[in-house]
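Secondary and tertiary structure notes
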Amino acid sequence: MYFQASEALQHLHSSNIVPKSCEAASVQAHIDDLASKICQTRLQLAELENQYRLHKAILSPVRRMPKEIIGEIFKFVLPKVLDQDDRKGLVNLLLVCKSWRDTGLLTHIIWSGHSFDRLGRTVPCDKIGNWFKRAGKLSKSLEIVTPYHEDCANEDSICHSFNSTLATLLAKGTDLKHFTLECASLRCFQRFMDSLAIDNALAPRPTPWDSLLSFRLRFTKTFGDDDSPLPLQTIFSTLPPNIVSLEISLPDTFADLSPTPSTERLCYLPPAIFQQLTSLTLRCDWGGPRWLAKALEHCINVQSLTLDFGGYSWNYEEDADTERYLQSGILLPNVRTLRLQNAFAYSMDVLDYLEAPKLVDLDLDFSPEDATDDLDWQLATHVLGFVGRSECDKTLRFFRLRYVDMYAEELLTTLNGLPFLTHVTLEHVVASGRLDYRDCIFDLLTRPMSGYDKFLPSLESLELLELPPDSREFVWGLCHYLRSRRRYELQGKVPVFEGPPDTLKSLTVTYRVAETNSLELDTSQTFKFLKQWCGVSANIGPVLAAN
């Protein structure tokens with residue numbers, strides 16, 4: 001009937017004749033019929049596509065992926081220490097299917113660390129214990145953040161640091177290796193230790209507190225009058241007895257507004273604790289080397305030392321003790337890694353007090369938020385003086401410098417005085433020429449009579465991170481420097497290199513956000529030859545365009 005009607009309406013298809021009433025009604029009926037069939041066909045197509053996807057999923061390679069691989073993916077998705085939201089995310093992963101649930105239960109490491117930042121009067125000890133049991137025999141980490149409050153001495157201000165349930169967990173609960181505690185003040189920490197002492201006295205030995213190997217303590221309040229009567233000697237005498245890694249962030253003082261706390265009273269830690277440490281991190285904005293000497297004089301076994309200045313510049317008192325430390329220095333006999341974090345340019349003075357004869361890695365990290373822009377400061381004086389005094393030229397191989405603005409000549413003088421370095425990292429380092437701000441360090445290196453013909457002769461790895469990609473001069477200077485390390489001439493399309501192979505084996509370059517989408521470095525001839533003919537592992541990060 002459709003074809004008969006279509007033939008009857010053929011004259012309307014091939015002309016602009018206005019249809020009669022009966023013809024218009026017939027056409028509309030055909031339109032409605034076609035719309036209905038199209039709708040039905042679309043529903044059938046959607047059903048067929050759905051069936052296609054379901055059947056395709058049966059043959060998906062994901063189903064054949066070993067549980068060990070899925071477990072590795074879980075490890076990358078989840079942080080090492082889970083907070084409340086992370087634990088919900090983990091549970092959601094396990095609810096995807098039975099296979100994922102079995103994989104999650106077999107991946108012990110994702111259960112080994114937990115953080116609680118909404119801690120009230122009670123802690124779900126049973127639940128914490130059950131989660132930690134799924135970690136098997138792996139080392140377990142617990143982080144506790146007590147709610148902030150104004151004043152422990154104020155009866156109206158509730159201090160949650162005195163927590164009998166938490167104390168029971170640390171005295172009689174799961175065996176822990178790493179523990180982090182964040183509390184408001186020194187007095188809060190004293191109350192925490194008081195509650196722990198009650199349960200520890202009755203608990204069988206060794207307790208989870210006794211088994212701790214790593215302890216991290218942070219204070220969130222500034223040093224105040226309510227802390228003054230509390231001697232740290234009494235508080236820290238009850239630290240975990242077997243720790244080998246200790247990180248302490250002491251209360252800020254705002255030294256420009258209030259007097260510095262008495263180092264005799266506040267900077268004492270039991271010598272026995274320091275003597276057994278292999279890793280130590282101290283964060284403090286207190287000025288002067290006196291407290292530092294008291295903290296470090298017993299660090300005979302520390303291999304990794306981090307001094308965090310908290311973004312403050314230290315002030316040194318001119319007294320007999322200061323002069324003695326300047327003359328004799330503070331010996332760090334076994335330190336392999338020294339990190340100065342959140343420092344100012346003038347914080348480098350601390351290197352004048354230290355000696356590290358076995359140093360391997362020197363890491364100078366200035367605060368990203370307050371990157372120093374003191375161009376006219378003497379990095380070379382402090383670093384080279386420290387290295388020379390320590391006599392660590394036979395061991396020092398790694399040098400890292402982060403978030404600093406300085407003269408390129410000063411940076412070159414520093415690096416040129418460390419010819420034994422094998423690994424150099426410069427992150428967000430702005431080094432401009434003293435006479436011409438457009439000069440970068442590589443421009444100065446490759447100029448005739450520069451005096452840097454043997455610059456870093458043992459260099460194996462060079463990392464230039466967070467560079468400004470809009471500087472064409474920098475790209476040219478870097479390419480010239482790379483070529484100068486091993487010169488070559490082209491014979492046809494093949495480079496013929498001069499001299500023995502270069503020591504450089506790894507080059508990494510990343511950039512800050514820029515207004516361009518392209519670079520010249522990764523397309524340069526020198527760069528291609530280094531990768532193709534010299535075996536250099538080169539990684540050039542993409543430019544993130546600011547659109």
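Residues numbered from 1 in each chain as written. Predicted model: local features only at pLDDT ≥ 70, side-chain atom pairs only at ≥ 80, totals over all residues. Heavy atoms only, no water.

As for its placement among the helices and strands, Leu 415 is situated in helix H17 (residues 408-416). Overall, Leu 415 belongs to the buried group, its relative accessible area being 2%. Between the C-alpha atom of Leu 415 and that of Phe 455, which follows or precedes it by 40 residues, the distance is 7.9 Å. Discounting chain neighbours no more than four positions away, the residues touching Leu 415 are Phe 399, Leu 421, Val 424, Phe 455 and Leu 456. (Helix = DSSP H or I, 4+ residues; strand = E, 2+ residues; numbered from the N terminus. Buried < 20%, exposed > 50% of the residue type's maximum accessible area, 1.4 Å probe, protein only. Contact = heavy atoms within 4.5 Å.)

What follows is about the side chain of Asp 365. Position of Asp 365 among the secondary structure elements: in strand E11 (residues 361-366). Here Asp 365 occupies a buried position and makes no salt bridge, while the nearest side chain of opposite charge, Arg 402, is found at 4.5 Å. With residues up to four places along the chain from it excluded, the contact list for Asp 365 reads Leu 340, Gln 341, Asn 342, Ala 343, Arg 402 and Tyr 403. (Lys, Arg positive; Asp, Glu negative; His and termini not counted. Salt bridge = Lys/Arg side-chain N within 4 Å of Asp/Glu carboxyl O.)

Where helix H4 (residues 67-77) meets helix H6 (residues 98-106), the closest approach of the two axes is 9 Å, and the angle between their N-to-C directions is 70°. On the basis of the axis angle, H4 is roughly perpendicular to H6. Seen from H4, the contacting residues are Lys 67, Ile 70, Gly 71 and Phe 74; seen from H6, they are Ser 99, Trp 100, Asp 102, Thr 103 and Gly 104. For the contact of H4 with H6, the per-class residue count stands at three nonpolar, four polar and two charged. (Axes fitted to C-alpha atoms, helices over the stretch in contact; angles between N-to-C directions. Parallel < 35°, antiparallel > 145°, perpendicular 65-115°, else oblique. Nonpolar A, V, L, I, M, F, W, Y, C, P; charged D, E, K, R; others polar.)

Side-chain positions along a regular strand alternate between the two faces of the sheet. In terms of residue burial, strand E14 (residues 461-467) counts as a mostly covered element, since five of its seven residues are buried. As paired elements, strand E13 (residues 423-432) and E14 share five bridges and run parallel to each other. For Leu 426, the partnering residue across the bridge sits in E14 and is Leu 464. Pairing of E14 with strand E17 (residues 506-511) involves five bridges; the strand directions are parallel. Of the residues in E17, the one forming a bridge with Leu 464 is Val 509. (Pairing = 2+ DSSP bridges.)

So, about the confidence of the model for the protein chain. Atom-level detail of predicted coordinates should not be read off regions where pLDDT is low. Looking at the protein chain as a whole, its pLDDT mean stands at 78, while 73% of the residues score no less than 70. Between residues 255-266, whose pLDDT stays under 50, and residues either more than four places distant or in other chains, the model counts 22 contacts. (pLDDT = per-residue confidence, 0-100.)

A few words now on the pairing of strand E7 (residues 304-308). Taken across its five residues, E7 has five buried, putting it largely inside the fold. Here E7 shows no split at all, with Ser 304, Thr 306 and Asp 308 on one side and Leu 305 and Leu 307 on the other all buried. Where strand E6 (residues 279-283) lies against E7, five bridges are found, and the strand directions are parallel. Residue pairing for E7: Thr 281 is matched across the bridge by Thr 306. In terms of strand pairing, E7 meets strand E9 (residues 337-343) through five bridges, oriented parallel. In the sheet register, Leu 307 faces E9, and the bridge partner there is Leu 340.

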